[in-house]
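Single-letter residue listing:
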Amino acid sequence: MLTFFRVNDPYRILGIFIWIVLTRLLYLWIGGHLTLPELNWMLVGEKLSEGHRLYVGVWDNIGPLSALVYRMVESVTDRHQWVYVILAALLTTYQALVFNNFLLSKKAYHESTYVPALVYGWLSCFSFDFYTLSPVLLSLTWVLLAMRNIFYRVESQSRDERVLSTGLFLGIASLFYMPAVVFMSSTFIAYLLYASISPRRFLLLLFGFALPLLLAATYFFSFESLPAFIDQYLVSFRYMSSQPYISLTAALVISAVPLAFLLVAFYKLSQSRRYTNQQAKLQRIMVLKLAAAAVIIVFAKDRAPYHLWLLVPPLAFFITHFLLIIRRLWLAEIIAFAFALLLVSNGYAMLFGLFSLDKAAGTAALLTRPTAYDEVVAGKKVVLLGDDLNVYRHARLATPYLDWQLASRQLEEVSYFENLAQVYVGFSEDMPDVIIDEAQLMPRLSERIPVLRDSYQKLRNKDIYIKKGIDGSQSIGKY
């Protein structure tokens, strides 16, 4: 398998695409493994496809460009998970091609090979939520394009427009996934240490980075939603507490196989002195990118296994080095096959609970699960005054209040007239069929907003409010 890709043949990318698709077939065939982050992205896409505006008609701490992608997907489909998986497979293949091509052009290895793309494809399998179209995966495309430009600059082939485009790419990546801004810091350090960037070009880099953000701010300003864009996305870190799906220990468990190979790769690289000065610089830059990815993962507010996507480029870079310096071809083939098999097994073991890996990794909390409200809310427009997204598995979101950390700041402070007015508009423009009041806020809201008191009836001994006239007597009768 490894030998087949140790040639400089662009058509080898088709083999990598086939590998990526084949590893996802079982996931698609079985189905029913929707994760909470996926459900959240689908809900955002649904609301936007209905004509609501981001940060005004739907409150969520999602990047505007990621939201745009989900809007386009949900406008042509209806929560079909396979669409997200196929799009992610195509994007992963493109990233592998971009990654491999700039390593080829910069002669990062002693041989011209498509092994880096192959390893990239392997690493796209070590967690089952790598298979879907996440904001991290979307932003990583632009991070890779910026990384390509850094490699050109290190070789002193970079022009002003390439420095500018590096900033542009990183700015666009930040509009997909805000923590990608950390890669701007690692880029500046790389330029400073290994490319001797001038103050003028540093300002050009900053201008390129700021330009997409300024254009996005101008767009939201034109729709009178600039304060919401700033509050919910740009500076939300000030008040949104961390609610990770997995712990750092679990992240280490999930990435144990590639990290073990990375340590071996570091050891082998330290034993070799056959690398050119150019190749040594590229290795140091990749260490910086590895450190930047680690920082993002450690401080991610909603840390989930798909955040480990950020480690894939530097992991693929160094593990490829390790595989290529193995002199015995038969041994290299065995190690490569074992590596690929372990990665795929790792993802499916967490999904199906093999070897109790799902418990060690804590991935059970990542998957959607049934709730006590499912029969009542099925097929209806619902708002949950609480933070359990599972309620929306078979329901649609009503009102803008998706992210509870954002929504609670307004719903819990209706004594302020401005908040009260916005809550009234939020409910009256998109009246839910069912209100699930886990936060015990409906009594106060009904007291201050008469239309809520007059429009809903509460189920006996339940925190469920049904809109009067809704046909749901069969499911309601059970309560």
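Look up: the structure comes first, before these words.
Residues numbered from 1 in each chain as written. Predicted model: local features only at pLDDT ≥ 70, side-chain atom pairs only at ≥ 80, totals over all residues. Heavy atoms only, no water.

## A few points about the overall build of the protein
As a reminder of what qualifies: By definition, any uninterrupted DSSP run of H or I lasting at least four residues is a helix, any uninterrupted run of E lasting at least two residues is a strand, and each is numbered from the N terminus. The quantity called the radius of gyration is restricted to C-alpha atoms. Its globule counterpart is 2.2 Å times the number of residues to the power 0.38. Summary of the burial criterion: residues with accessible area below 20% of their type's maximum are buried, those above 50% are exposed, and those between are partly exposed, where the area comes from a 1.4 Å probe applied to protein chains only. Whether two residues touch is decided by their heavy atoms; if any such pair falls within 4.5 Å, the residues are in contact. Each accessible area is a Shrake-Rupley result for a 1.4 Å probe, and residues are judged covered by the shown protein chains and nothing else.
A count of helical and extended segments in the protein gives 22 helices and 5 strands. Radius of gyration (C-alpha) of the protein: 24 Å, near the 23 Å computed for a compact globule of 479 residues. Taken over the C-alpha atoms alone, the protein extends approximately 80 × 55 × 35 Å along its principal axes. Taken across its 479 residues, the protein has 57% of its residues classed as buried. Counting only contacts in the protein whose residues sit at least 6 apart along the sequence, the fraction spanning at least 24 positions is 75%. Accessible surface, the protein as shown: approximately 20500 Å² in total, 62% of it carbon and sulfur.

## Re the packing of aromatic side chains
For the record, the criterion: When the centres of two rings from Phe, Tyr and Trp lie within 6.5 Å, Trp using its six-membered ring, the rings pair. Their planes under 30 degrees apart give stacked, over 60 give edge-to-face, and anything left gives tilted.
Considering all chains together, one arrives at 30 aromatic pairs under this definition. Ring geometry for Phe-261 versus Phe-322: centroids 6.3 Å apart, planes at 65 degrees, classification edge-to-face. Placement of Phe-261 in helix α12 (residues 256-271) and of Phe-322 in helix α14 (residues 312-324) is noted, with a sequence separation of 61 residues between them. For Phe-322, a relative accessible area of 8% gives the class buried.

## Things to note about the sheet that holds strand β4 (residues 456-458)
Put simply, the test is: Only strands that DSSP links by at least two bridges are regarded as paired with each other.
Taken in spatial order, the 5 strands make up an open sheet running β2-β1-β3-β5-β4, and their pairing is mixed. Each of the sheet's edge strands pairs with one partner strand only, and the pair in question is β2 (396-397) and β4. Pairing between strand β3 (residues 434-436) and strand β5 (residues 464-467): 3 bridges, direction antiparallel. Note on β5: the bridge partner recorded for Ile-436 is Ile-464.

## A closer look at the nonpolar core
Selection rule: Put simply, buried Ala, Val, Leu, Ile, Met, Phe, Trp, Tyr and Cys residues joined by side-chain atoms within 4.5 Å make one nonpolar core.
In this structure, Trp-122 and Leu-411 are the most contacted members of the largest nonpolar core, which totals 173 residues. Here this core gets 12 residues from one element, more than from any other, and that element is helix α4 (residues 81-105). Excluding residues that lie within four positions of it along the chain, Trp-122 makes contacts with Met-1, Leu-2, Trp-19, Leu-323, Ala-336, Phe-339, Ala-340 and Leu-343.

## Describing helix α10 (residues 226-234)
Using the following cut-off: The directions considered for the arc run from the helix axis to the C-beta atoms.
Of the positions making up α10, those classed as buried are Leu-226, Ala-228, Phe-229, Gln-232 and Tyr-233. Take α10 and look down its axis: the buried residues cluster within an arc of 155 degrees, on one side only.

## Quick word on helix α19 (residues 417-428)
Test applied: Expected helix span is given by 1.5 Å per residue-to-residue step, counting one fewer step than there are residues.
Here α19 contains 12 residues, and its C-alpha end-to-end distance of 16 Å stays within 8% of the 16 Å for a straight helix at 1.5 Å per residue. Buried residues belonging to α19 abut β1 (381-384), α18 (404-411), β3, α20 (442-448) and α21 (450-455).

## So, the pattern of salt bridges
Here is the rule we go by: Think of a salt bridge as a Lys or Arg side-chain nitrogen and an Asp or Glu carboxyl oxygen that are within 4 Å of each other.
Across all of its chains, the model carries 11 salt bridges by this definition. Note that Arg-396 is salt-bridged to Glu-50, the shortest N-O span being 3.2 Å. Linking Arg-396 in strand β2 with Glu-50 in the loop between α2 (36-49) and α3 (64-76), this pair joins segments that are 346 residues apart in sequence. Arg-396 gets classed as partly exposed once you look at its relative accessible area, which sits at 29%. Arg-409 is the salt-bridge partner of Asp-231, the closest N and O atoms lying 3.0 Å from each other. Placement of Asp-231 in helix α10 and of Arg-409 in helix α18 is noted, with a sequence separation of 178 residues between them. Residue Arg-409 is classed as partly exposed on the basis of its relative accessible area of 38%. Ionic contacts of the salt-bridge type, sharing partners, join the residues Glu-46, Glu-50, Asp-78, Arg-79 and Arg-396 into one network.

## Comments concerning the side chain of His-321
One can find His-321 in helix α14. With relative accessibility at 2%, the residue His-321 sits in the buried group. Not counting residues up to four positions away in its chain, the partners in contact with His-321 are Ala-108, Tyr-109, Leu-269, Tyr-275 and Gln-283.

## Quick look at a nonpolar patch on the surface
For clarity, the threshold we go by: Put simply, a patch holds well-exposed residues, over 30% relative accessible area, that have no salt bridge, with like charges counted together within 9 Å and Val, Leu, Ile, Met, Phe, Trp or Tyr side chains within 5 Å.
A cluster of nonpolar side chains, Ile-18, Leu-22, Leu-25, Leu-28, Trp-82, Ile-86, Leu-87 and Leu-90, forms an exposed patch at the surface whose accessible area comes to about 720 Å². Elements represented by at least two residues in the nonpolar patch include exactly α1 (12-30) and α4. Within the secondary structure, Leu-87 sits in helix α4. Exposure remark for Leu-87: the relative accessible area of 32% places this residue in the partly exposed category.

## Here we look at the packing of helix α7 (residues 160-176) against helix α9 (residues 199-222)
Two packed helices can be described by the angle between their axes and the distance between those axes. Let me state the cut-off plainly: Working convention: axes come from line fits to C-alpha atoms, limited for helices to the stretch in contact. Angles between N-to-C directions cover 0 to 180 degrees. Here is the rule for handedness: rotate from the far helix to the near one, and if that takes an anticlockwise turn smaller than a right angle the crossing is left-handed, while a clockwise turn gives right-handed. Asp, Glu, Lys and Arg are counted as charged, while Ala, Val, Leu, Ile, Met, Phe, Trp, Tyr, Cys and Pro are counted as nonpolar; the rest, among them Gly, fall into the polar class.
Contact pair α7 / α9: the axes reach a minimum separation of 7 Å and the direction vectors enclose 35 degrees. Between α7 and α9 lies a crossing whose hand is right-handed. Contact with α7, carried on its side by Asp-160, Val-163, Leu-164, Thr-166, Gly-167, Leu-168, Leu-170, Gly-171, Ile-172, Ser-174 and Leu-175, involves Arg-200, Arg-201, Leu-204, Leu-205, Phe-207, Gly-208, Phe-209, Leu-211, Pro-212, Leu-213 and Ala-216 of α9 and no other residues of that element. Residue classes in the contact of α7 with α9 are distributed as 14 nonpolar, 5 polar and 3 charged.

## Focus on unusual backbone geometry
Positive phi, close to 70 degrees, is recorded for Tyr-55, a residue that is not glycine. Its location among the elements puts Tyr-55 in the loop between α2 and α3. Judged by its relative accessible area of 1%, Tyr-55 falls in the buried class. Positive phi is not limited to glycine here, since Glu-224 has a value of about 55 degrees. Looking at the secondary structure, you find Glu-224 in the loop between α9 and α10. Glu-224 gets classed as exposed once you look at its relative accessible area, which sits at 73%.

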